[in-house]
Amino acid sequence: MLKKAIAFALALTMFNAMAGMTNHNGEIANMRTWVSGSDTYGAWVSLKNNPSICPGGFFLPHTSDNKQLVYSTLLAAHLSGKAIMIQTADSAHKIGNRCRINYVML
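Please read these numbers as outputs of a predicted model, since none were measured by experiment.

Caption draft 1: Representation of the packing of aromatic side chains within the structure. Tallied over the entire structure, the rule returns 4 aromatic pairs. Ring plane angle 65° and centroid distance 5.4 Å describe the contact between Y41 and F59, whose orientation is recorded as edge-to-face. Here the residue Y41 occupies a position in the loop between β2 (28-33) and β3 (43-47), and F59 occupies one in strand β4 (residues 57-60), the gap between them amounting to 18 residues. Taken together through their ring pairs, the aromatic side chains of W34, Y41, W44 and F59 make up a single cluster. Sitting over the ring of W44, R32 keeps its end group 4.2 Å from the ring centre. Positioned above the aromatic ring of W44 is the side chain of R98, whose terminal nitrogen or guanidinium carbon lies 3.6 Å from the ring centre.

Below is the structure:
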């Protein structure tokens with residue numbers, strides 16, 4: 001019984017940690033980057049079929065700690081034509097119709 005209670009508590013904790021996160025899969029259609037740190041977006045990515053929750057695509061803010069690493073992963077996926085999974089933060093982190101990228105996975 002204790003094992004079931006621990007497993008349930010762990011599952012509940014994992015669910016709460018993922019609340020507000022959404023995964024989107026697809027091939028990258030295009031990418032845009034901005035030079036100036038004053039721009040809203042450091043990088044902007046669109047999938048061939050953007051989800052209805054993020055019709056404008058996805059963005060990385062200039063202030064992202066690992067922006068260069070994430071951008072490199074996105075660029076590699078785009079150049080190889082390989083599908084990618086983009087996890088976005090909840091809607092509180094949207095700018096207009098674009099969703100903020102939380103992480104990416106090839």
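Having put the structure on the table, let's press on.
Caption draft 2: Broad picture of helix α2 (residues 67-80). Given a rise of 1.5 Å per residue, 14 residues ought to cover 20 Å, and the 20 Å separating the end C-alpha atoms of α2 matches this to within 8%. All of the buried residues in α2 are K67, V70, L74 and A77. Each buried residue of α2 lies within a common arc of 100° when the element is viewed along its axis, so the set occupies one face. In α2, the exposed positions that point more than 90 degrees away from the buried face belong to Q68, L69, L79 and S80. Check the buried side of α2 and you find it contacts β2, β3, β4, β5 (84-88) and β6 (98-105). Downstream of α2 by a residue or two, G81 has a phi angle that is positive, lying close to 75°.

Caption draft 3: A look at the pairing of β5. Within β5, 5 of the 5 residues are buried, which leaves the element mostly enclosed by the surrounding structure. Both faces of β5 are covered, namely the face carrying I84, I86 and T88 and the face carrying M85 and Q87. Note that strand β1 (residues 22-26) and β5 share 5 bridges and pair antiparallel. By the bridge assignment, N23 is partnered in β5 with Q87. Two strands pair when backbone bridges link them, and β5 and β6 are joined in this way by 4 bridges, in the antiparallel orientation. Considered in β6, the bridge of Q87 is made with Y103.

Caption draft 4: Layout of the confidence of the model for the chain. In the predicted model, the chain carries a mean pLDDT of 82, and the fraction of residues at 70 or more is 80%. Predicted confidence in the chain is weakest over helix α1 (residues 2-18), with a mean pLDDT of 45, and strongest over β5, with 95. When the criterion is pLDDT under 50, residues 5-18 qualifies, and its contacts beyond four places in sequence or with other chains add up to 1 contact.

About the thresholds
Residues numbered from 1 in each chain as written. Predicted model: local features only at pLDDT ≥ 70, side-chain atom pairs only at ≥ 80, totals over all residues. Heavy atoms only, no water. Phe/Tyr/Trp six-rings, centres within 6.5 Å; stacked < 30°, edge-to-face > 60°. Helix = DSSP H or I, 4+ residues; strand = E, 2+ residues; numbered from the N terminus. Lys NZ or Arg CZ within 6 Å of the ring centre and 35° of its normal. Expected span 1.5 Å × (residues − 1). Buried < 20%, exposed > 50% of the residue type's maximum accessible area, 1.4 Å probe, protein only. Arc of directions from axis to C-beta. Contact = heavy atoms within 4.5 Å. Pairing = 2+ DSSP bridges. pLDDT = per-residue confidence, 0-100.

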